[in-house]
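An overview of the molecular structure
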Amino acid sequence: VFSYSNSGYFLLGYIVEKVSGMSYENYLKKNIFEPLDMKNTGIGYNGTDKLYTSTGYTGYLDIYPVSDEVSINGLYGAGALYSTTEDLYKWDRALYTEKLVNNKTMKKIFSKYVQISKYGPYYGYGWMLSDSKYGKEIFHGGNVLGFTSNIERYPDKDLTIIILTNSGYYDVTSLTNVLADIYSGNSYELPEAKKVVKIDNDTLKKYAGNYKLDDNQGEISIEAKDTHIYWEQNNGQVKYEIFPESQNKFFMRIVNAELKFDIN
């Protein structure tokens with residue numbers, strides 16, 4: 001049975017301090033950042049002092065700045081770092097060498113210990129592992145309020161894709177797949193901008209009503225009003241407008257979500 005645990009990484013951070021006799025920050029700096037010349041990587045907060053300049057955002061097509069102090073400052077061993085794609089690429093290159101640990105330890109890190117789900121990838125030591133059309137795939141992502149990160153490594157192709165964005169819970173998977181296809185010379189489809197089409201008010205009113213979601217996820221209500229249509233989930237008292245991109249397919253702007261009404 002697999003269960004991902006941020007609290008486990010909290011504990012691991014304290015173990016690092018206990019064994020090394022150093023602070024978590026200083027241990028990373030001395031043993032990883034400085035040896036690999038990662039000059040733009042470090043702990044995000046020193047107390048309440050923010051040590052990086054980017055601002056986190058939430059939303060999808062409509063975005064809003066958010067305070068990241070709680071989500072970043074409180075992550076400790078489960079995150080709490082700032083970095084750049086260039087620095088993370090230096091770290092990626094070091095994983096092909098013995099600069100950080102020996103080959104025996106590296107092999108343990110990238111071994112398949114437990115399957116995450118029935119058809120999903122496996123988990124090693126801090127990495128997810130699977131077999132893809134590009135060969136062995138080693139990856140891990142991270143999401144907090146305001147920021148999303150992902151690193152995807154294809155050692156058989158010597159390809160690494162690193163994505164960092166100051167948009168929380170951003171869909172980096174589809175973007176990673178497109179970049180891998182471009183690199184490999186495969187066919188690919190670039191995302192297209194959402195376009196709103198006009199729908200008459202009588203058609204919108206036909207969609208109004210209450211609906212049950214699959215997998216016991218609750219209910220939604222759809223309300224049509226003054227040529228607009230709104231979504232509310234589980235009587236949450238908050239309505240979100242949905243926008244038509246065809247006569248029966250809609251999308252949201254606040255989150256990356258789509259809704260399709262099956263006619264008849």
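As shown above, the structure is provided for reference.
So, here's what we can say about the structure.

1. A few points about the overall build of the protein chain
- For the protein chain, the count of helices and strands is seven helices and 18 strands.
- Projected onto its principal axes, the C-alpha positions of the protein chain cover 70 × 45 × 35 Å.
- Among the 264 residues that make up the protein chain, the fraction classed as buried is 32%.
- When contacts within the protein chain are restricted to residue pairs at least 6 apart in sequence, long-range pairs at least 24 apart make up 42% of them.
- Accessible area of the protein chain: about 16,900 Å², with a carbon and sulfur share of 50%.
- The positive charge centre, built from 28 side chains, and the negative charge centre, built from 33, are 5 Å apart in the protein chain.

2. As for the sheet that holds strand 15 (residues 228–233)
- Pairing is antiparallel in the open sheet, where six strands are placed in the order 13-14-15-16-17-18. Whereas interior strands pair on both sides, the edge strands pair on one side only; in this sheet they are strand 13 (209–212) and strand 18 (258–260). Neighbour-to-neighbour, the strand axes of this sheet turn through a mean angle of 30°, independent of strand direction.
- Where strand 14 (residues 219–225) lies against strand 15, six bridges are found, and the strand directions are antiparallel. Its bridge partner being in strand 15, Ile222 is matched across the sheet by Trp231.

3. Details of the pattern of salt bridges
- Inspection of every chain in the model, using the stated rule, returns 15 salt bridges.
- A salt bridge links Lys90 to Asp87; the nearest nitrogen and oxygen atoms lie 3.9 Å apart. You can see Lys90 and its partner Asp87 sitting in helix 4 (residues 85–94), three residues apart, about one turn around the helix.
- Here Lys90 falls in the partly exposed class, since its relative accessible area comes to 31%.
- Two residues, Glu223 and Lys239, come together in a salt bridge whose shortest N-O distance is 3.9 Å. Highlighted residues: Glu223 in strand 14 and Lys239 in the loop between strand 15 and strand 16 (240–244), separated in sequence by 16 residues.
- Linked by salt bridges that have partners in common, Asp37, Lys39, Asp87 and Lys90 make up one network.

4. Focus on the sheet that holds strand 8 (residues 122–123)
- Taken together, six strands build an open sheet; the order of strands is 7-8-9-10-11-12 and the sheet is antiparallel. Edge strands, defined here as strands with exactly one partner in the open sheet, are strand 7 (114–115) and strand 12 (159–165).
- Sheet topology note: the strand 7/strand 8 ladder contains two bridges and is antiparallel. Its bridge partner being in strand 8, Gln115 is matched across the sheet by Tyr122.
- Strand contacts of helix 4: strand 11 (147–154) and strand 12, with the helix running at about 145° to strand 12, the strand carrying the most contacts.

5. With respect to the layout of surface pockets
- When its volume is computed, the second largest pocket comes out at roughly 820 Å³.
- Lining the second largest pocket are 26 residues, with Tyr60, Asp171, Ser174, Pro191 and Asn256 positioned closest to its centre.
- Of the residues belonging to the lining of the second largest pocket, the class tally is 13 nonpolar, seven polar and six charged.

6. Comments concerning the pairing of strand 11
- Taking burial as the measure, the eight residues of strand 11 include seven buried ones, the bulk of the element.
- If you look at the hairpin formed by strand 10 (residues 135–144) and strand 11, you'll find two residues sitting between the two strands, and Gly146 has a positive phi there, around 105°.
- Pairing analysis gives seven bridges linking strand 11 to strand 12, with the strands arranged antiparallel. Counted as the bridge partner of Ile151 is Ile162 from strand 12.
- Connecting strand 11 to the next strand, strand 12, in antiparallel fashion are four residues, including Asp158 with a positive phi near 50°.

About the criteria used
- Residues numbered from 1 in each chain as written.
- Predicted model: local features only at pLDDT ≥ 70, side-chain atom pairs only at ≥ 80, totals over all residues.
- Heavy atoms only, no water.
- Helix = DSSP H or I, 4+ residues; strand = E, 2+ residues; numbered from the N terminus.
- Buried < 20%, exposed > 50% of the residue type's maximum accessible area, 1.4 Å probe, protein only.
- Contact = heavy atoms within 4.5 Å.
- Areas by Shrake-Rupley, 256 points an atom, 1.4 Å probe, with all protein chains shown as cover.
- Lys, Arg positive; Asp, Glu negative; His and termini not counted.
- Charge placed at Lys NZ, Arg CZ, Asp CG, Glu CD.
- Pairing = 2+ DSSP bridges.
- Axes fitted to C-alpha atoms, helices over the stretch in contact; angles between N-to-C directions.
- Salt bridge = Lys/Arg side-chain N within 4 Å of Asp/Glu carboxyl O.
- 1 Å grid on protein atoms, 1.4 Å probe; cavity = no way out; pocket = protein on both sides within 12 Å on 5 of 7 lines; lining within 4 Å.
- Points joined across faces, edges and corners; volume = space filled by probe spheres on them.
- Nonpolar A, V, L, I, M, F, W, Y, C, P; charged D, E, K, R; others polar.

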